[in-house]
Amino acid sequence: MKKKKKDITIRNGRVVDPGNGIDEVTDLHLSAGKILALGQTPENFQPLLEIDATDQIVCPGLIDLTVNLREPGNEHKATIASETACAARNGITTLCCTPDTLPVIDTPAVVGQIRHKARKAGYCRLLPQGALTKNLDGTHLSEMAALKAAGCIAVTNCYTPLANTLVQRRAMEYASTFNLLTIIRPEDQYLCNNGCAHEGKVADRLGLPGIPEAAETVAVARDLALAETTGAVIHFHALSSASAARTMAWAKREGRKVSADVAIHQLHLTELDLEGFDSNRHVRPPLRTDSDRDGLRKAVAENVIQAICSDHQPHEADAKSSPLPDTEPGISGLDTLLPLTLKLVEQEVMDLSSAIARLTCGPADILGLPLGRLTPGYAADICIYDPNRQWHVSAEQIHSAGKNTPFTGWEMPGRVTHTLLKGRLVFREETL
Amino acid sequence: MSLSNKALQLDDEQRLLHFLTIDGLDRSILTEILDTAEGFTGVSERTIKKVPLCRGKVVANLFFENSTRTRTTFELAAKRLSADVLNLNISASATSKGETLLDTLRNLEAMHVDMFIVRHATSGAAHFIAQHADPGVGVINAGDGRHAHPTQAMLDMFTIRRHKGEFVGLRVAIVGDILHSRVARSQILALNTLGVSEVRVVAPQTLLPSDARSLGVHVYHDFDEGIRDVDVIIMLRLQKERMRGALLPSEHEYFSLYGLTERRLALAKPDAIVMHPGPINRGVEMDSKVADGSKSVILQQVSYGIAIRMAIISMVIGTQNLRTQEAAV
């Protein structure tokens, strides 16, 4: 059989594919950009390229449900090219970008522009989220059918949740007409009251305006009720409280059509990390208490929260060079998504398979896409990483254009050595 | 990486590098400030109201937020130490033209300023400036957002010590808008560090932090209960704009529940003193008879403010001088 250009074998890696219940040292064969087979080499298969993955983990390419790539409109912070390249370096093969760009992703033209730029860069599959309301104004529904046709995988009002419950209801109903997932960042704007930190003992002492936990739990309860009324499929993005996680557990027991994710930094940091007013710890929703972090960890371990995302918010240095409340919230998270998730395994919060699941089949199932698994016939999106490599976070080690990370100096487990997108090597560590 | 308050404010020899918050400072430092201020109280009464401790030094008052009383006392304090003083009303100049705080700081450093005295509407602003200032520049927090107003707290401690002698055994009630008050936060820290028996806060729930007890206070909603048998009553200014924010229904109801009257004052210890950081809203926070009465020490607070600020400025400049000398050796 003639060697085909895209035929690849990844030899002798520990293949961890939670979506198919696989965790074994074996070979993986890719052909024509798709998964061909696992284990024994198929008859007449002669790969053009062999990757030695001895002592490495081979898993599905990671799927990050929520990132802000800043383009169009804020290219001084980051670009689609810079951030998709960063994603590839970190084993992430699918990014779902938020619509709060300039202009907002509320027309097929903007969707087309973004997808074109991502294809041109060629590092990553980019799935845009469309705006739930025009220009995210919270008043007028966007043309969701057109957005879906143009390639949006979900609709959301992202960081400006709707205050008007009637518009929220109508938006959910309209989205469900087209089987569009509605992504909600649960936050009651009035209860947030221009806060910048969790309302609790640390904010009390530092004199930081607080955001109560109720700002999240009220919104979760409200939107669960609206989802019940409308039949919409909803997904809560970036839960931050144990209480919301418990509500999710209840909703799942009740059989509700709802899912949730958590930003990885919420599983490691707490309000105590705001001591010293480090603006790199300024995030929305805010870092909450130890018990919230533990509650979120439990929910992730028990698959009540099915996905971990980076909630990637790259910023230029100036955006963080002010007193904390005056800075823009957000962490540049792509570079630390996988290592911080692996840290949860080190800390025995969950096993490796569960951790990988939250980054692969978990988010794929939320999106309802045939991704995140090494199933024959699926796109050959692969992440290969060395679990034994430790590294320290520094500006040089952050490949995103945004260097705004609170994890500087932290020791991280795991280094991605290869990333394949549709069977094509989009990243290979230069040292190999 | 953020520094702890102690690491940011004190050098290895436990000398004061900056004065940003009471948090992280121990009793010995606070006592040193009070003792140093004692030595400066006489300066204001001399014919020539100056000492040469900071001669040749340049102190910049960076007031990003309006203030008359605090800025004036800082200016007087620096001048009595023989420093040159720059008064910069930043809100009306650079930042209104779009300059960032960091740029403003760099420009002033280029003028070889030795100390920044900072007031800013944002919590953490003084920390931010201290973290970014040149190593040879001291920073004093003259009030940042809701966070801290440590020199006000220290002048209040000075006033209390002058009238009561000791802190141990005292009961102190702080009354009013604790939630938004940087003064109250610093007072609570200072009182607890100096060893008072009990700090009480008295306010409706809407004017209290969510977890007020975690600050180390006893919470009272009933003023009569909260004031009973206390040695010191600190009334806070009620910003009238708060009444429009669904925090309080009216001035009338606030005064009826939390206004200090002679009747209420009688519930405190007979030798109790009444304090207020000013300016007072008469008829809202307290009755004029109380404000002008024999137990009021409000005007003394103002004059003690100069001595306290002289103490703190001289200690910070002194540390900077010593470090310069040590580096030269």
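Please read these numbers as outputs of a predicted model, since none were measured by experiment.

1. Here we look at the overall build of chain B
For chain B, the helix and strand inventory stands at 12 helices and 9 strands. The globule rule puts the C-alpha radius of gyration for 329 residues at 20 Å, and the 20 Å found for chain B is close to it. C-alpha extents for chain B along the principal axes are approximately 60 × 45 × 40 Å. Across the 329 residues of chain B, 58% fall into the buried class. In chain B, of all internal contacts separated by at least 6 residues, the share reaching a separation of at least 24 is 73%. Of the roughly 13,300 Å² of accessible surface on chain B, a fraction of 50% belongs to carbon and sulfur atoms. Charged side chains of chain B number 37 positive and 37 negative; the gap between the two group centres comes to 4 Å.

2. Focus: the UniProt feature "binding site: carbamoyl phosphate" (unreviewed entry) in chain B
All names here are of chain B. In this structure's numbering, the residues bearing the UniProt feature "binding site: carbamoyl phosphate" (unreviewed entry) are R69, T70, R119, H149, Q152, G278 and P279. Checked against the element boundaries, R69 lands in helix α3 (residues 69-80). Residue classification places R69 among the partly exposed residues on the basis of a relative accessible area of 38%. If we skip the residues at most four places from it in the chain, R69 touches P277, G278, P279 and V302. Among the structural elements, G278 can be located in the loop between β9 (273-275) and α11 (288-291).

3. Some points on the interface of chain A and chain B
On the side of chain B, 23 residues touch chain A, which itself brings 20 residues to the contact. Contact between chain A and chain B buries roughly 1,700 Å² in total, counting both sides, with carbon and sulfur atoms accounting for 57%. A salt bridge links D23 of chain B to R205 of chain A; the shortest N-O distance between them is 3.2 Å. Counting across the chain A and chain B interface gives 6 residue pairs in polar contact (both at pLDDT 80 or more). Residue composition of the side of chain A that touches chain B, grouped by class: 6 nonpolar, 6 polar and 8 charged.

4. Focus on the packing of aromatic side chains
On inspection of all chains with the given rule, the structure shows 4 aromatic pairs over all chains. Here the aromatic rings of F407 of chain A and W410 of chain A are separated by 4.7 Å at their centres, their planes lie at 80°, and the arrangement is edge-to-face. Since its relative accessible area comes to 24%, W410 of chain A is described here as partly exposed. Between F158 of chain B and Y304 of chain B the ring centres are 5.1 Å apart and the planes differ by 80°, which places this aromatic pair in the edge-to-face class. Separated by 146 residues along the polypeptide, F158 of chain B in helix α6 (residues 150-164) and Y304 of chain B in helix α12 (residues 298-328) bring together distant segments of the chain. We note that F158 of chain B, like Y304 of chain B, is buried. Positioned above the aromatic ring of W391 of chain A is the side chain of R415 of chain A, whose terminal nitrogen or guanidinium carbon lies 4.1 Å from the ring centre.

5. A word on the UniProt feature "domain: Dihydroorotase catalytic" (unreviewed entry) in chain A
Look at the UniProt record and you will see "domain: Dihydroorotase catalytic" (unreviewed entry) annotated at residues 56-240 of chain A. End-to-end, the C-alpha atoms of residues 56-240 of chain A are 33 Å apart, and along that stretch the chain is 38% helix and 20% strand.

Calculation notes
Residues numbered from 1 in each chain as written. Chains lettered and ligands numbered in written order. Predicted model: local features only at pLDDT ≥ 70, side-chain atom pairs only at ≥ 80, totals over all residues. Heavy atoms only, no water. Helix = DSSP H or I, 4+ residues; strand = E, 2+ residues; numbered from the N terminus. Rg over C-alpha atoms; globule rule 2.2 N^0.38 Å. Buried < 20%, exposed > 50% of the residue type's maximum accessible area, 1.4 Å probe, protein only. Contact = heavy atoms within 4.5 Å. Areas by Shrake-Rupley, 256 points an atom, 1.4 Å probe, with all protein chains shown as cover. Lys, Arg positive; Asp, Glu negative; His and termini not counted. Charge placed at Lys NZ, Arg CZ, Asp CG, Glu CD. UniProt positions renumbered as here; feature names shortened; annotations may be inferred. Buried area = accessible area lost by both parts, 1.4 Å probe. Salt bridge = Lys/Arg side-chain N within 4 Å of Asp/Glu carboxyl O. Polar contact = N/O pair within 3.5 Å; in protein donor to acceptor, adjacent residues only side chain to side chain. Nonpolar A, V, L, I, M, F, W, Y, C, P; charged D, E, K, R; others polar. Phe/Tyr/Trp six-rings, centres within 6.5 Å; stacked < 30°, edge-to-face > 60°. Lys NZ or Arg CZ within 6 Å of the ring centre and 35° of its normal.

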